[in-house]
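Summary of structural features
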Amino acid sequence: MTALLTPVFVLISLTFTLLFWLGGSRYLSLRNREVRTSDIALGQPAWPRRLTQIDRAYHNQFELPLLFYALVCLVIVTGAQPAGFRFLEWQFVILRLAHAYVHVTSNQLRARFLLFAAGAMTLLAMWVLFGVRLLGSGD
């Protein structure tokens, strides 16, 4: 169980790291008067570019990773863990970490897209393997 959940905890740690980084950066931006409260009170896009990068990296953690979390839960509940699942789990998490890193540093769109696509394909493979394993077991 621990081996199955460790990648989940790593991805959740990434999400909280981005959240606290974003919150602290926004606080400093407001305190340093780089942006006024009235400029962002209704969600207007007035934050400095750097904060927008961190914000998008944070929000990306609630898109594709949700399918990952759901899949891990289903694997635990059904006990239908396909061969190679743990390897693919780590591959997905490493790709997500790399995607977030690119997002908050160089923000090179091509690199970001390739990392996103590789993560999406890894996750798709995980779902297909799970489906085959579950349906093939006859339960």
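Scroll up to find the structure.
Below is a summary of the structure that appears in this document. Along each chain, the written sequence defines residue order, and numbers are assigned to residues from 1. Totals for whole chains, interfaces and linings use all residues, but because this is a predicted model, local features are given only for residues with pLDDT of at least 70 and pairs of side-chain atoms are given and counted only at 80 or more. Each side-chain value is derived from all of the structure's non-hydrogen atoms; neither hydrogens nor water enter the calculation.

So, helix α5 (residues 85-104)
Spacing of three or four residues puts side chains on the same side of an α-helix, whose turn is 3.6 residues. A run of H or I in DSSP counts as a helix once it spans at least four residues, and a run of E counts as a strand once it spans at least two, with each numbered from the N terminus. What a helix should span is 1.5 Å times the count of its residues minus one. The end-to-end C-alpha distance of α5, which contains 20 residues, comes to 29 Å, matching closely the 28 Å that a straight helix rising 1.5 Å per residue would cover. In this scheme, a residue with accessible area under 20% of its type's maximum is buried, one over 50% is exposed, and one in between is partly exposed, where area comes from a 1.4 Å probe on protein chains only. Inspection of α5 places Phe85, Leu88, Glu89, Phe92, Val93, Leu95, Arg96, His99, Ala100, Val102, His103 and Val104 among the buried residues, and these make up the whole buried set. For α5, the secondary structure elements touched by its buried residues are α1 (2-31), α3 (49-60), α4 (64-78) and α6 (109-136). Contacts are assigned to residue pairs that have any heavy atoms within 4.5 Å of one another.

Thoughts on the side chain of Arg96
Looking at the element boundaries, Arg96 is found in helix α5. Setting aside residues no more than four positions away along its own chain, Arg96 makes contact with Leu11, Leu14, Asn60, Gln61, Leu64, Pro65 and Phe116.

Quick notes on the nonpolar core
We call a set of buried residues a nonpolar core when its members are Ala, Val, Leu, Ile, Met, Phe, Trp, Tyr or Cys and they connect through side-chain atoms within 4.5 Å of each other. Membership of the largest hydrophobic core comes to 25 residues, with the highest contact counts inside it found for Phe68 and Met126. Going through the elements one at a time, α1, α3, α4, α5 and α6 are the ones with two or more residues in this core. Sequence-distant contacts of Met126, that is, excluding residues within four places in its chain, are made with Phe68, Leu71, Phe85, Leu88, Glu89 and Phe92.

What to know about the pattern of salt bridges
What makes a salt bridge here is a side-chain nitrogen of Lys or Arg within 4 Å of a carboxyl oxygen of Asp or Glu, nothing more. Taken as a whole and assessed by the stated rule, the structure comprises two salt bridges. Residues Asp55 and Arg26 are paired through a salt bridge, measuring 3.0 Å at the closest nitrogen-oxygen approach. Placement of the pair is Asp55 in helix α3 and Arg26 in helix α1, with a sequence separation of 29 residues. Among the ionic pairs, Glu63 bridges to Arg56, the shortest N-O distance being 3.6 Å. Classification of Glu63 as partly exposed rests on a relative accessible area of 42%. Given the relative accessible area of 35%, Arg56 is considered partly exposed.

Brief notes about unusual backbone geometry
Positive phi values are uncommon outside glycine, yet Arg33 reaches one of about 60°. Exposure remark for Arg33: the relative accessible area of 73% places this residue in the exposed category. In this model, Asn107 sits at a positive phi of 55°, which is unusual for a non-glycine residue. Mapped onto the fold, Asn107 is located in the loop between α5 and α6. For Asn107, a relative accessible area of 21% corresponds to the partly exposed category.

Remarks on the packing of α4 against α5
Where α4 contacts α5, the two axes come as close as 12 Å, and the packing angle between them is 160°. On the basis of their axis angle, the class for α4 and α5 is roughly antiparallel. In this structure, α4 meets α5 at a crossing whose hand is left-handed. Where α4 approaches α5, its residues Leu64, Pro65, Phe68, Leu71, Val72 and Val75 are matched on the opposing element by Phe85, Glu89, Phe92, Val93 and Arg96. Of the residues that constitute the contact of α4 with α5, the class distribution is nine nonpolar, no polar and two charged. Inter-axis angles, ranging from 0 to 180 degrees, are taken between N-to-C directions of lines fitted to C-alpha atoms, where helices are fitted over the stretch in contact. Just so you know how the angles are binned, under 35 degrees is roughly parallel, over 145 roughly antiparallel, 65 to 115 roughly perpendicular, and the rest oblique. If you view the pair so one helix is near and one far, a crossing is left-handed when the near helix is turned anticlockwise from the far one by less than a right angle, and right-handed when it is turned clockwise. For this classification, the nonpolar set comprises Ala, Val, Leu, Ile, Met, Phe, Trp, Tyr, Cys and Pro, the charged set comprises Asp, Glu, Lys and Arg, and every other residue, Gly included, is treated as polar.

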